[in-house]
Amino acid sequence: MSAARSAVAPEPEQPFRIFIGYDPREHFAYEVCRHSLLKHSSIPLEIRPIRQSELRSANLYWRERGPTESTEFSFTRFLTPYLADFTGWALFIDCDFLYLSDVKNLVSLIDSKYAVMCVKHDYTPKETTKMDGAVQTLYPRKNWSSMVLYNCEHPKNRILTPETVSTQTGAFLHRFTWLDDEEIGEVPFVWNFLVGHNVYDLKDEKTKPCVIHYTLGGPWFEKYKDCEFADLWLKELEEFEKEKETEGKKDGVICSTPGV
(Lines give C-alpha, C1' and ligand atoms only; values in the text may rest on other atoms or scores of the structure.)
Protein backbone atom coordinates (compact mmCIF):
# COMPACT_ATOMS: atom_id res chain seq x y z
CA MET A 1 0.00 0.00 0.00
CA SER A 2 1.37 3.39 -0.92
CA ALA A 3 2.22 5.94 1.74
CA ALA A 4 -0.44 8.21 0.33
CA ARG A 5 -3.15 5.55 0.72
CA SER A 6 -2.02 4.46 4.17
CA ALA A 7 -2.01 7.97 5.54
CA VAL A 8 -4.72 8.63 8.12
CA ALA A 9 -7.18 11.25 7.01
CA PRO A 10 -6.98 14.38 9.17
CA GLU A 11 -9.76 15.05 11.63
CA PRO A 12 -12.25 17.61 10.34
CA GLU A 13 -11.72 21.04 11.87
CA GLN A 14 -13.98 21.54 14.86
CA PRO A 15 -16.11 24.68 14.77
CA PHE A 16 -14.96 27.42 17.09
CA ARG A 17 -17.69 28.15 19.63
CA ILE A 18 -19.06 31.67 19.99
CA PHE A 19 -21.75 32.66 22.48
CA ILE A 20 -23.59 35.93 21.86
CA GLY A 21 -25.57 37.68 24.55
CA TYR A 22 -29.20 37.96 23.45
CA ASP A 23 -31.81 40.51 24.47
CA PRO A 24 -35.24 40.52 22.76
CA ARG A 25 -35.20 44.28 22.32
CA GLU A 26 -31.90 43.99 20.45
CA HIS A 27 -32.89 41.13 18.17
CA PHE A 28 -31.57 42.79 15.02
CA ALA A 29 -28.31 43.64 16.74
CA TYR A 30 -27.85 39.91 17.41
CA GLU A 31 -28.72 38.96 13.83
CA VAL A 32 -26.33 41.53 12.36
CA CYS A 33 -23.55 40.51 14.73
CA ARG A 34 -23.97 36.86 13.78
CA HIS A 35 -24.13 37.72 10.08
CA SER A 36 -20.92 39.75 10.22
CA LEU A 37 -19.11 36.95 12.04
CA LEU A 38 -20.06 34.34 9.45
CA LYS A 39 -19.43 36.62 6.49
CA HIS A 40 -15.82 37.31 7.42
CA SER A 41 -14.83 33.99 8.99
CA SER A 42 -12.50 31.57 7.23
CA ILE A 43 -12.95 28.94 9.95
CA PRO A 44 -16.09 26.98 10.86
CA LEU A 45 -18.08 28.56 13.66
CA GLU A 46 -20.71 27.32 16.07
CA ILE A 47 -22.70 30.38 17.15
CA ARG A 48 -25.19 30.20 20.01
CA PRO A 49 -27.30 32.97 21.54
CA ILE A 50 -27.43 33.09 25.32
CA ARG A 51 -31.14 33.57 25.97
CA GLN A 52 -32.09 34.23 29.56
CA SER A 53 -35.60 32.82 29.11
CA GLU A 54 -34.18 29.45 28.02
CA LEU A 55 -31.74 29.35 30.93
CA ARG A 56 -34.54 30.07 33.40
CA SER A 57 -36.71 27.36 31.88
CA ALA A 58 -33.84 24.90 32.30
CA ASN A 59 -33.24 26.03 35.90
CA LEU A 60 -29.76 27.21 34.97
CA TYR A 61 -30.35 30.82 36.00
CA TRP A 62 -32.62 32.21 38.71
CA ARG A 63 -31.17 35.58 39.61
CA GLU A 64 -33.68 38.42 40.01
CA ARG A 65 -33.00 41.25 37.58
CA GLY A 66 -31.54 44.32 39.28
CA PRO A 67 -31.87 48.00 38.32
CA THR A 68 -28.28 48.20 37.04
CA GLU A 69 -28.68 45.36 34.52
CA SER A 70 -28.92 47.08 31.14
CA THR A 71 -29.43 43.83 29.21
CA GLU A 72 -30.74 40.33 29.82
CA PHE A 73 -27.21 38.98 29.46
CA SER A 74 -25.56 41.26 32.03
CA PHE A 75 -24.83 38.15 34.14
CA THR A 76 -25.73 35.16 31.98
CA ARG A 77 -22.59 35.86 29.93
CA PHE A 78 -20.54 34.27 32.69
CA LEU A 79 -22.16 30.90 32.02
CA THR A 80 -20.12 30.60 28.82
CA PRO A 81 -17.61 28.02 30.19
CA TYR A 82 -20.48 26.01 31.70
CA LEU A 83 -22.44 26.06 28.43
CA ALA A 84 -19.25 24.96 26.65
CA ASP A 85 -19.03 21.94 28.99
CA PHE A 86 -15.85 23.30 30.53
CA THR A 87 -13.87 22.11 27.49
CA GLY A 88 -11.61 23.92 25.04
CA TRP A 89 -11.86 27.61 24.27
CA ALA A 90 -14.96 29.66 23.54
CA LEU A 91 -15.70 33.31 22.87
CA PHE A 92 -18.39 35.43 24.48
CA ILE A 93 -19.45 38.73 22.90
CA ASP A 94 -22.23 41.22 23.48
CA CYS A 95 -24.79 41.38 20.69
CA ASP A 96 -23.91 45.00 19.83
CA PHE A 97 -20.73 43.96 18.01
CA LEU A 98 -20.06 44.28 14.29
CA TYR A 99 -17.22 42.21 12.86
CA LEU A 100 -15.17 43.80 10.10
CA SER A 101 -12.50 41.10 9.89
CA ASP A 102 -11.89 37.38 10.26
CA VAL A 103 -12.39 36.06 13.79
CA LYS A 104 -9.69 33.51 12.96
CA ASN A 105 -7.16 36.28 13.60
CA LEU A 106 -8.53 36.69 17.12
CA VAL A 107 -8.51 32.95 17.74
CA SER A 108 -4.86 32.86 16.68
CA LEU A 109 -4.01 35.04 19.70
CA ILE A 110 -5.17 32.39 22.18
CA ASP A 111 -2.57 31.49 24.80
CA SER A 112 -3.47 28.57 27.05
CA LYS A 113 -1.47 29.93 29.98
CA TYR A 114 -4.40 32.28 30.60
CA ALA A 115 -7.83 31.53 32.05
CA VAL A 116 -9.42 34.35 30.04
CA MET A 117 -8.28 36.88 27.47
CA CYS A 118 -9.90 40.22 26.75
CA VAL A 119 -9.33 43.86 25.88
CA LYS A 120 -8.29 45.62 29.07
CA HIS A 121 -10.13 48.88 28.54
CA ASP A 122 -9.57 51.91 30.73
CA TYR A 123 -13.10 53.15 30.20
CA THR A 124 -15.07 55.67 32.23
CA PRO A 125 -18.14 56.80 30.30
CA LYS A 126 -19.42 60.34 30.83
CA GLU A 127 -23.02 59.46 30.03
CA THR A 128 -25.44 58.55 32.82
CA THR A 129 -27.68 56.49 30.52
CA LYS A 130 -27.18 54.38 27.42
CA MET A 131 -29.10 52.45 24.78
CA ASP A 132 -32.83 53.07 25.32
CA GLY A 133 -32.48 54.82 28.67
CA ALA A 134 -30.71 52.07 30.63
CA VAL A 135 -28.64 53.21 33.61
CA GLN A 136 -24.92 53.59 32.85
CA THR A 137 -23.07 51.85 35.67
CA LEU A 138 -19.47 52.70 36.53
CA TYR A 139 -17.11 50.07 37.91
CA PRO A 140 -13.45 48.97 37.60
CA ARG A 141 -12.61 46.93 34.50
CA LYS A 142 -15.73 48.14 32.75
CA ASN A 143 -16.29 46.50 29.35
CA TRP A 144 -13.64 43.84 29.95
CA SER A 145 -16.44 41.26 30.15
CA SER A 146 -18.13 42.39 26.92
CA MET A 147 -15.71 40.29 24.84
CA VAL A 148 -13.97 37.38 26.53
CA LEU A 149 -12.01 34.44 25.22
CA TYR A 150 -12.59 31.74 27.84
CA ASN A 151 -10.21 28.89 28.48
CA CYS A 152 -13.20 26.79 29.50
CA GLU A 153 -11.20 23.91 30.94
CA HIS A 154 -9.02 26.12 33.13
CA PRO A 155 -9.54 24.93 36.74
CA LYS A 156 -10.33 28.43 38.01
CA ASN A 157 -13.21 28.81 35.54
CA ARG A 158 -15.03 25.80 36.94
CA ILE A 159 -16.42 28.13 39.58
CA LEU A 160 -18.68 29.65 36.93
CA THR A 161 -21.64 27.38 37.59
CA PRO A 162 -25.34 28.32 37.51
CA GLU A 163 -25.20 28.63 41.31
CA THR A 164 -22.30 31.11 41.21
CA VAL A 165 -23.66 33.16 38.32
CA SER A 166 -27.10 33.35 39.92
CA THR A 167 -25.88 34.41 43.35
CA GLN A 168 -22.51 36.15 43.21
CA THR A 169 -22.14 39.93 43.13
CA GLY A 170 -21.64 42.00 40.01
CA ALA A 171 -18.25 43.07 41.32
CA PHE A 172 -17.11 39.46 41.71
CA LEU A 173 -18.11 38.55 38.17
CA HIS A 174 -17.44 41.65 36.06
CA ARG A 175 -14.06 42.28 37.67
CA PHE A 176 -12.95 38.64 37.20
CA THR A 177 -12.35 38.42 40.93
CA TRP A 178 -12.15 34.61 40.81
CA LEU A 179 -8.87 35.00 38.89
CA ASP A 180 -5.42 36.36 39.70
CA ASP A 181 -4.32 39.27 37.51
CA GLU A 182 -1.66 37.20 35.77
CA GLU A 183 -4.34 34.75 34.65
CA ILE A 184 -6.05 37.42 32.56
CA GLY A 185 -4.48 37.77 29.12
CA GLU A 186 -4.76 40.84 26.93
CA VAL A 187 -5.69 41.26 23.26
CA PRO A 188 -5.44 44.49 21.19
CA PHE A 189 -8.26 47.00 21.60
CA VAL A 190 -9.17 46.73 17.92
CA TRP A 191 -10.99 43.48 18.81
CA ASN A 192 -13.38 45.43 21.05
CA PHE A 193 -13.31 48.92 19.57
CA LEU A 194 -15.60 51.07 21.70
CA VAL A 195 -17.60 53.63 19.73
CA GLY A 196 -17.17 57.04 21.35
CA HIS A 197 -14.03 56.00 23.24
CA ASN A 198 -11.44 54.37 21.01
CA VAL A 199 -10.03 56.35 18.08
CA TYR A 200 -9.08 55.15 14.61
CA ASP A 201 -6.01 57.02 13.41
CA LEU A 202 -5.92 56.80 9.61
CA LYS A 203 -2.14 57.11 9.78
CA ASP A 204 -1.81 54.12 12.11
CA GLU A 205 -3.06 50.81 10.71
CA LYS A 206 -2.79 49.23 14.17
CA THR A 207 -5.75 51.34 15.33
CA LYS A 208 -8.07 50.17 12.54
CA PRO A 209 -11.01 48.38 14.20
CA CYS A 210 -11.48 44.67 13.59
CA VAL A 211 -14.70 44.73 15.60
CA ILE A 212 -16.97 47.70 16.29
CA HIS A 213 -18.69 47.71 19.69
CA TYR A 214 -21.67 50.06 19.93
CA THR A 215 -21.46 50.05 23.70
CA LEU A 216 -23.61 53.14 24.30
CA GLY A 217 -26.22 52.07 21.77
CA GLY A 218 -26.33 51.34 18.06
CA PRO A 219 -28.47 52.47 15.13
CA TRP A 220 -31.18 49.94 16.02
CA PHE A 221 -32.09 52.49 18.71
CA GLU A 222 -33.64 55.76 17.48
CA LYS A 223 -31.35 57.86 19.69
CA TYR A 224 -28.23 56.36 18.11
CA LYS A 225 -29.29 56.02 14.48
CA ASP A 226 -26.60 58.53 13.45
CA CYS A 227 -23.83 57.34 15.76
CA GLU A 228 -20.26 56.81 14.60
CA PHE A 229 -19.99 53.80 12.27
CA ALA A 230 -23.79 53.62 11.98
CA ASP A 231 -23.43 53.34 8.20
CA LEU A 232 -21.43 50.10 8.53
CA TRP A 233 -24.05 48.50 10.74
CA LEU A 234 -26.93 49.60 8.49
CA LYS A 235 -25.14 48.19 5.46
CA GLU A 236 -24.70 44.85 7.23
CA LEU A 237 -28.38 44.87 8.20
CA GLU A 238 -29.33 45.45 4.57
CA GLU A 239 -27.18 42.51 3.47
CA PHE A 240 -28.71 40.29 6.14
CA GLU A 241 -32.27 41.19 5.14
CA LYS A 242 -31.58 40.67 1.43
CA GLU A 243 -30.13 37.24 2.13
CA LYS A 244 -33.10 36.27 4.28
CA GLU A 245 -35.46 37.42 1.56
CA THR A 246 -33.56 35.47 -1.08
CA GLU A 247 -33.55 32.33 1.03
CA GLY A 248 -37.26 32.72 1.64
CA LYS A 249 -36.74 31.86 5.30
CA LYS A 250 -38.38 34.49 7.40
CA ASP A 251 -38.48 32.25 10.48
CA GLY A 252 -41.48 34.21 11.68
CA VAL A 253 -39.46 37.45 11.84
CA ILE A 254 -40.42 40.44 9.72
CA CYS A 255 -37.20 41.91 8.41
CA SER A 256 -37.76 45.56 9.07
CA THR A 257 -36.27 47.67 11.81
CA PRO A 258 -38.28 50.42 13.51
CA GLY A 259 -36.44 53.72 13.66
CA VAL A 260 -33.94 52.79 10.95
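Residues numbered from 1 in each chain as written. Predicted model: local features only at pLDDT ≥ 70, side-chain atom pairs only at ≥ 80, totals over all residues. Heavy atoms only, no water.

**Considerations on the overall build of the protein chain**
Then comes step 1: A tally of helices and strands in the protein chain yields eight helices and 11 strands.
Then comes step 2: Summarising the internal contacts of the protein chain: among those between residues at least 6 apart in sequence, 71% fall at separations of at least 24. (Helix = DSSP H or I, 4+ residues; strand = E, 2+ residues; numbered from the N terminus. Contact = heavy atoms within 4.5 Å.)

**Structural notes on the pattern of salt bridges**
Then comes step 1: A complete count under the given rule lists nine salt bridges for this structure.
Then comes step 2: The closest approach of N and O atoms between Glu-239 and Lys-39, which form a salt bridge, is 3.1 Å. In this pair, Glu-239 sits in helix α8 (residues 230-247) while Lys-39 sits in helix α2 (residues 27-40), placing the two residues 200 residues apart along the sequence.
Then comes step 3: Since its relative accessible area comes to 25%, Glu-239 is described here as partly exposed. (Salt bridge = Lys/Arg side-chain N within 4 Å of Asp/Glu carboxyl O. Buried < 20%, exposed > 50% of the residue type's maximum accessible area, 1.4 Å probe, protein only.)

**Comments concerning the environment of Ile-159**
Then comes step 1: Position of Ile-159 relative to the elements: it lies in the loop between β8 (147-151) and α6 (162-167).
Then comes step 2: Its relative accessible area of 36% is what places Ile-159 among the partly exposed residues.
Then comes step 3: Excluding residues that lie within four positions of it along the chain, Ile-159 makes contacts with Thr-164, Phe-172 and Trp-178.

**Topic: the sheet that holds strand β11 (residues 211-213)**
Then comes step 1: The strand order across the open sheet formed by three strands is β4-β11-β10, and the pairing between neighbours is mixed. The open sheet has two edge strands with one neighbour each: β4 (97-99) and β10 (193-194).
Then comes step 2: Note: β10 against β11, two bridges, orientation parallel. Residue pairing for β11: Leu-194 is matched across the bridge by His-213. (Pairing = 2+ DSSP bridges.)

**Details of α8**
Then comes step 1: An ideal rise of 1.5 Å per residue puts 26 Å on 18 residues; α8 measures up with 26 Å between its terminal C-alpha atoms.
Then comes step 2: Each element contacted by the buried residues of α8 is listed here: α2 and β4.
Then comes step 3: Taken from the residues just after α8, Gly-248 is the one with a positive phi, measuring 70 degrees. (Expected span 1.5 Å × (residues − 1).)

**Quick notes on the confidence of the model for the protein chain**
Then comes step 1: Taken over all residues, the pLDDT of the protein chain has a mean of 88, while the share at 70 or more is 84%.
Then comes step 2: Ignoring residues within four places in sequence, the model shows residues 1-10, a span with pLDDT below 50, making one contact including any to other chains.
Then comes step 3: Scored below 50 in pLDDT, residues 254-260 shows 16 contacts in the model against residues more than four places distant or in partner chains. (pLDDT = per-residue confidence, 0-100.)

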